[in-house]
Amino acid sequence: MNFNFNASELLFALPELFLLSAIAIILLFDLFISDRLKHITYYLSQLALLLTGFSVFNLIGESAIIFSGTFVLDTLGSTFKVFILGFAIIALAYTRHYLKVHDLLRNEYFILAMMSILGMLIMVSGHSLLTLYLGLEIMSLSLYALIATARDRTAAIEAALKYFVLGAIASGLLLYGMSMIYGISGSLNIAQISNFASAATLGSQQTLILNFGLVFLVIGVAFKLGAVPFHMWVPDVYQGSPTSVTMFLSSVPKIAAVAILIRLLIDGLGSLQHYWSDLFMILAILSIAIGSLVALNQTNIKRMLAYSTISHIGFVLLGFVTGVVDGYGAAVFYVLTYILMSLAAFGVIIALNKNGFEADQIADFQGLSKSSPWLALIMLVVMLSMAGVPPFIGFYSKLFILQQVVAEGYVILAVLAVIFAVISAYYYLQIIKTMYFSDKDKSIVIYAPLDMKILLSINGILILLVGLMPSFWMELSVSLF
Amino acid sequence: MDSLLSILIWLPILGAGSVLLIGNNRSEIARWVSVGISVLVFALSINLYLDFDTSTASMQFVEKVSWISQFNIFYHLGLDGISMPLIILTTFSTIIVIIAGWEVIKNRVADYMAAFLMMEGIIIGVFSAMDSMLYYVFWEASLIPMLLIIGIWGGQNRVYASIKFFLYTFLGSVFMLVSLIYMYNLSGSFAISEMYALPLSMVQQSWIFWAFFLAFAVKVPMFPVHTWLPDAHVQAPTGGSVILAAIMLKMGGYGFFRFSLPITPDASSSFATVVIVLSLIAIVYIGFVALVQKDMKKLIAYSSISHMGFVTLGVFAIFSIMKMDPNGELVSIAGASIESAYLGLEGAMIQMISHGFISAAMFLVVGVLYDRLHSRDITTYGGVINSMPKFTGFAVLFAMANAGLPGTSGFVGEFMVILGALQANFWYAFLAAMTLIIGAAYTLWMVKRVFWGTITNPEVSKLSDVNAREFGILSILAIAILWMGLYPQPVIEVMHASIVNLLEQSLTTKLPVLL
C-alpha cells in the first residue's frame, strides 16, 4: 500500500481537523479558567459544533477520496455529518439542564460528547476498513466514558461496564469479519474490496470466506445498532445511563451506524446484497417483533423507549432489505425522523427532571396535561408520531419504508410490520393515557429554562410540519445514493 | 368559491387551534368562539348543496395541488353526491355537539370544544379526499381527537374504552394502508380514480377486498368486530357518542361506497353473501342483544350496530339484483328492476344520514337524563313524563324514529333497503324486516320503563324539564328527522347521478371476460 500525502487534501477533512483542534483547545481552556466561568465551556462547545457544521455545509457537493483512499468525501457523507452535528447541538442543549439539576455539570461531559461526534464524523467518511474501525472506536470509547460520568450512581457504572464489555465483543466480531475480508481480498480499501467482491472470477472458496466475513460484519453492526438478537444491552444501558446520555445514545450514533452499514455493505459488498438482505430480513422482523412486544409491560419510560428504539431499528433495516436505492433512501429518512422524535421524547423527560429527581417512570407523567399542557401536547405528538399515526412524520417514514418493501414484493413483511406497529401503538398510548386520562395530578412543576422550552417546541412543531410537507426530506434522503 | 372544501377543512382545524390558545380559563369565550366557528362552517357547507350540480356523477368543487411528489400524492379534494350529504351531516352534527356540551362539560372546556372542531375538519377531509393517501391521513388522524375525547371526558372506565377504540380501529386500517401501497405499486398513483381503472385479478381483488373490509367493517361496525363500539359509547361523553354514531360510523359505510365496490367489484360480488349474512346477524342478533340491555347508552349503541347493518345490506344486495352482461348492458337477475338496485344503494345512504340524526338525538336524550341524575341505568328512572313532559315528547318522537315509524327518517332508509333486498332474496328482506319488530320492542320497552309508569325513584320527581338550550337542539333534530321522513326527495336527487354511476362501476367486471 502506498501512502502519498498531499497537503491540499487536508482541506477536505477540514471539519474533522477543526473539531479535533477545538476539542483540544477547549479542554486546555477549561483547565485554566476559574470555576465561576466554567459555563463558558458549554457555549464554546456548541460554537465549535456549529462552526464544524458550517464547514461541513460548505463541503456539500464536493466529492473526493483522499489520504490514499482511506477517507471519502461525498454528498452522502457531508449530509450525514450536517445532520449529526445539527442533532448533536440540540441534544447538548437539552443535556445542559439535566446536568445542572443532577449536579453532573462537569465540562468533560461536553468534551467527551464532542470526541464521540468526531468519531462519528470519521465513521461517516471512512473509506477503508481501518478508518471505519477507528471512527467506531473513538465514538464508542467516548460513549462508555460519557455513561460513567455519573460515577456515584451504581446503575450508570453498571450500564457503562455492560456497554463496554458488549461493545468490545461487537468490535471484536466486526474486526474479525474485517480481517476475513482483508485476508481474502488483500485490501482494506472499500473500493478495492468492492471490485474484488464483484469480480466474475470469484472462486467458491473465496466466496465462502467473503460470506463468512460478511456475516461477522453484519453481526458487529447489528450489535451497534441494537438489532434483535444482539439487542440485550440496549434496555439496560438506556435505563442505567443518565437520561442525557440515553438521549445522546439513541440519536446521533444511529446515523453513524447507518453510515457504516452503507460504507461496508452497500459500497463495499454491494455485490453480495442478496446475502445480506436475507440476514437483514431476519434481523428486521425480529427487532420489530421483540421491540414491540417486550415494550408492552415496561414501567420505566427509558426502558420502554429502548425497546421502541429496537423496533424502529427494525424498520430501518427493512429499508435495507429492499436492496434498491429508494429503499436505502427510505431507511435514511426513517433514521433522521426517528432521531427527531427521540430527541423530543427525551427532551420532555429531561424537562421533568428537577433537583435530584429523575423522572424516568411512566407514572411520573401523571397529570402532565394539566400542569403543563404544552409539554404534554409535545409528548402526545411525539408518541403518536412514533406509533406511526398521521399526520406526523412517523407515519410518513413508515409509509416510505413499507412502500419500498411492497414494491420489492415483500408484502408479507409489510403486513407483519404493520401488525407489530399496531401492537406498539399500545405502549405509546400508555404514555398519552398517563398524561391525559389520569385523575391523579402530581402537579409536576417544570423548571426547564426558557431556551430548552423553545427548542422543545421547535422540535415538536417540526414533527408536525415535516409530516405535513415531507416531500423535500424524502427527496433529500433518496438523492444521497 | 374555488377552495370551498379546503376552507371547510382548515377553518375548523385552525379554529380549534385558536380555541386552544384562548385556554381553559376563559371557557365562556372559548364556547362562543367554537359555536361561532361551527355555525360559520355549517353555513359555508350549505353552499355545497346550493351549488351542487345534480345532473353529473363527476367530482365537483375539485382542488388539486401536488403534495408528496415522490409518491405522486396530491392534495386532491372533490365531492360527489355520495360525499356531499355526509359533509353537511358532519357540519350539522358539530353544531349540535358543541351546543350540547355547553354547560355539561365543566373541566377543560376549551380543549373539549377544540377537539370537536378538529374532528369536524378532519372528517370533512375524509369525505372529500380524492387521493387515497390524503384520505388515509385524514382517516387515521380522526382517531386522535376521538381518543382524547373519550379518554379525558369519558366515564368511569374511559381509559379502557378509549384505548380499545383506538387499537381496534387502528388495526383495521393498517391493512387498508398496505393494500393502498400495493395498488400504488401497480398503478403508480394514489389517486382513487386511478385505482378504479386498475385491472386486478380475482386473487388480488380478494386480498384487497378483505383488507378494505376489515378497515370499514370495524368502523361501521359490523358483527363480529363491533365489540369496541358499546364500550366506546358507554364511556364517551354525550358529544363524543353523538359524533361517533352520527359521523364516525359513516366513514365505514362511505368506505364501502368509495373503495370496496368500485375498486374490487368482482370480489365484492363474490363475497357479497358473506357480508349480507354478517349484516343480517347484526340486524337480528344485535337487535336481541339490545333488548336485554339495562344501560340506556349501551342499548342505543347496540341499536346503532343493528341499524348500520342495513347500510351494508343495502350496499351488497345489489349484486343479487343486477348484473352486467358481456355487452356492457345492465340486466336484472330474476326479473328485478334496476330501480331496486338503486333502492338498495340509495336506501343505504338515506339510512346513514337518518341514523346520523336519530342516533344523535337518542344519545342526547340519554345525555340530558344523565346530566340530571348521573345514571344511565334504566331502572333508575320511571315516570319521567311527570316531571319532564316536554322532554318526554321529544324522546318519544326519537324513539319512534329509531323504531322506524313511517313519517320519520328511520322508516325511509329501512324501507328502501328492505324493498331492494326483497328483489334480491326473500329471506334477506324477511330477516331485515324483523328489525321493525325487534327495534320497536327494545326502543318502546325502554321508553315504557323510563318515561311512562309511576315514579318509583323520588329523585325523578324533582327533575327539571329541558332548558331553552336543550329544547333548541332537540327541536332542530326533530325537524331534521321529520323532514327526512316526509320529504327525502332532495337528498335522493342529490345522490342519484352518483349512485347510477357507482352501480355501473360496481357491476362492471375487472376480469377478462371469457366468452
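Given the structure is predicted, the values throughout are model-derived calculations rather than measurements.

Cut-offs used in this document
- Residues numbered from 1 in each chain as written.
- Chains lettered and ligands numbered in written order.
- Predicted model: local features only at pLDDT ≥ 70, side-chain atom pairs only at ≥ 80, totals over all residues.
- Heavy atoms only, no water.
- Core = buried A, V, L, I, M, F, W, Y, C linked by side-chain atoms within 4.5 Å.
- Buried < 20%, exposed > 50% of the residue type's maximum accessible area, 1.4 Å probe, protein only.
- Helix = DSSP H or I, 4+ residues; strand = E, 2+ residues; numbered from the N terminus.
- Contact = heavy atoms within 4.5 Å.
- Polar contact = N/O pair within 3.5 Å; in protein donor to acceptor, adjacent residues only side chain to side chain.
- Buried area = accessible area lost by both parts, 1.4 Å probe.
- Salt bridge = Lys/Arg side-chain N within 4 Å of Asp/Glu carboxyl O.
- Nonpolar A, V, L, I, M, F, W, Y, C, P; charged D, E, K, R; others polar.

**Q** When you look at the nonpolar core in this model, what are you seeing that I'm missing?
**A** Nonpolar side chains in soluble globular proteins tend to end up buried together. Ranked by internal contacts, the top residues of the largest apolar core, which has 402 residues, are L264 and F320 of chain A together with F166 of chain B. Take this core: its biggest share by element is 21 residues, from helix α14 (residues 325–352) of chain A. Residues within four places of F320 of chain A in sequence aside, it is in contact with V258, L261, I262, I266, Q273, W276, S277, F280, Y328 and A331 of chain A.

**Q** Please clarify how the side chain of S457 of chain A should be interpreted in this entry.
**A** All names here are of chain A. As for its position among the elements, S457 is in helix α19 (residues 450–468). Since its relative accessible area comes to 14%, S457 is described here as buried. At 2.9 Å, the side chain of S457 and the side chain of W374 are in polar contact. Setting aside residues up to four positions removed in sequence, S457 forms contacts with W374 and I378.

**Q** Would you explain the interface of chain B and chain A in this entry?
**A** You'll often see interface size given as the accessible area lost when the parts meet. On the side of chain A, 42 residues touch chain B, which itself brings 32 residues to the contact. Across the chain B/chain A interface, buried area totals approximately 3,200 Å², and carbon plus sulfur atoms make up 81% of it. The tally of links between chain B and chain A comes to 0 salt bridges. The interface formed by chain B and chain A holds 7 residue pairs in polar contact (both at pLDDT 80 or more) in total. Secondary-structure elements contributing two or more residues to the side of chain B that touches chain A are β1 (60–68), α5 (132–141), α6 (143–153) and α7 (158–187) of chain B. If you tally residues by element for the side of chain B that touches chain A, the top one is α7 of chain B, at 16 residues. Here the residues of the side of chain B that touches chain A sort into 24 nonpolar, 5 polar and 3 charged.

**Q** Got a minute to help me understand unusual backbone geometry in this structure?
**A** A negative phi holds for most residues other than glycine; trans holds for most peptide bonds. In this structure, the amide linkage connecting P390 of chain A to the following residue, P391 of chain A, adopts the cis form with an omega of 5°. Within the fold, P391 of chain A resides in the loop between α16 (373–387) and α17 (393–407). For the peptide bond that leads from V220 of chain B to P221 of chain B, omega is -15°, which places it in the cis range. Following the sequence through the fold, P221 of chain B ends up in the loop between α9 (202–219) and α10 (228–235). Positive phi values are uncommon outside glycine, yet F67 of chain A reaches one of about 50°. By the secondary structure assignment, F67 of chain A is in the loop between β1 (64–66) and β2 (71–73). For F67 of chain A, a relative accessible area of 22% puts it in the partly exposed group. Located in the positive-phi region is N72 of chain B, a residue other than glycine, with phi close to 60°. With respect to the helices, strands and loops of the structure, N72 of chain B is situated in the loop between β1 and β2 (73–79). When its relative accessible area of 31% is taken as the criterion, N72 of chain B is described as partly exposed.

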